[in-house]
Amino acid sequence: MELRHLRYFVAVAEERHFGRAAERLHMAQPPLSQQIQQLEAELGVTLLHRTTRKVELTGAGMVYLDRARAVLAAVDDAAAEAQRVADGLQGRLVVGCVGSATYSLLPAFARALREELPAVDFVFRGEMLAPDQLESLLARRVDLALLRPPVEDPAVRVAVVRRDRLIVALPEDHRLARRKRLKIGDLREEDLIVHASRGRSVMHGIVADLCRSAGFEPRIRHEVAETSTLVTFVAAGLGVAVVPQPVAELGVAGATYRPLAGNHGVDLVAAVRADDDSPVVARALGLLVRWQERTS
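Bear in mind the structure is a predicted one, so any value in this text is a computation, not a measurement.

**Let's talk about the packing of helix α1 (residues 3–15) against helix α3 (residues 29–43)**
Consideration 1: As a packed pair, α1 and α3 sit with axes 10 Å apart at the nearest point and diverge in direction by 110°. With respect to α3, the axis of α1 lies roughly perpendicular. Crossing hand, α1 versus α3: left-handed. Facing α1, whose interface residues are Arg4, His5, Tyr8, Phe9 and Val12, α3 presents Leu32, Gln35, Ile36, Gln38 and Leu39.
Consideration 2: Tallied by class, residues from the contact of α1 with α3 come to six nonpolar, three polar and one charged.

Here it is as structure tokens:
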């Protein structure tokens, strides 16, 4: 028995006429009649009562019609679902995001993904440091990572999403908050709040390099794991911080921001596994790049 036998039977059962069923199936009537006879012989039951004018279903035929319709519908649904998966329109995608982009890019990107790919199950993991994201990406716990470079692993492919300017986060009542713009040298005597060191944060290295390029060693007072904690510490007067501009969108009371003089910035990149041929990943990455181009 093949699927075509079920389709032949359903057509005859619904049309109640071999001639009309043959027209519907775009085939001649005699072969159709033969196929139905073969089906009945294989099943060992009579499915149809035939007369010269019409066809009637037997009791067994009515039961078989319901099951045949369900089987064909399931086959059609499976084919459609497989096509959606192949087209990247259905599946599962885990997105990791660095802290500064968690509060700026991620909310709008998540809305864009849900609107354009409603059948994809998205999982978002925010406030992840770049090394943690790369580790999760290679371990296949994350499919798409939004992080700060450098990314030097050949097993990872990256695309630049945007470049964020660096700014200085200050307590509102800090003496430097009276200035419109700051130089990195202005932070020489300031206690700094940074992301965790020990190779765990890209921003930690960037801030340290900026201070050294200005001729002084950074006075690091506090190290934190999350951007929200960093800004909260700044608002509490525990120090100042150099952060990507989107961090200002956190809107933590007690913290204010000033531009940093010079062409200081840091890229935000989207990273995927180099060997990942998932259509969902490819579609989401393409959507991210197009969406960012429209909004930048």
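**What about the nonpolar core?**
Nonpolar side chains tend toward joint burial in soluble globular proteins.
Consideration 1: Judged by nonpolar contacts, the single largest core of 26 residues is most densely connected at Leu93, Leu105, Phe109, Leu146 and Leu288.
Consideration 2: For this core, the elements supplying multiple residues, two or more each, are β3 (91–97), α6 (105–116), β4 (120–125), β5 (144–147), β11 (265–273) and α10 (279–295).
Consideration 3: Per element, the largest residue contribution to this core is seven residues, and it comes from α10.
Consideration 4: In contact with Leu105, not counting residues within four places along its chain, are Leu146, Val161, Arg162, Leu268, Leu288, Trp291 and Gln292.
Consideration 5: Among the nonpolar cores identified, the runner-up in size contains 21 residues, and Tyr8, Phe9, Val10 and Ala68 belong to it.

**With respect to the confidence of the model for the protein chain**
Consideration 1: Looking at the protein chain, the pLDDT average stands at 90 and 98% of residues meet or exceed 70.
Consideration 2: The least confident element of the protein chain, judged by mean pLDDT, is helix α5 (residues 99–102) at 82; the most confident is strand β10 (residues 255–259) at 97.

Definitions and cut-offs
- Residues numbered from 1 in each chain as written.
- Predicted model: local features only at pLDDT ≥ 70, side-chain atom pairs only at ≥ 80, totals over all residues.
- Heavy atoms only, no water.
- Axes fitted to C-alpha atoms, helices over the stretch in contact; angles between N-to-C directions.
- Helix = DSSP H or I, 4+ residues; strand = E, 2+ residues; numbered from the N terminus.
- Parallel < 35°, antiparallel > 145°, perpendicular 65-115°, else oblique.
- Left-handed = near helix turned anticlockwise from the far one by under 90°.
- Contact = heavy atoms within 4.5 Å.
- Nonpolar A, V, L, I, M, F, W, Y, C, P; charged D, E, K, R; others polar.
- Core = buried A, V, L, I, M, F, W, Y, C linked by side-chain atoms within 4.5 Å.
- Buried < 20%, exposed > 50% of the residue type's maximum accessible area, 1.4 Å probe, protein only.
- pLDDT = per-residue confidence, 0-100.

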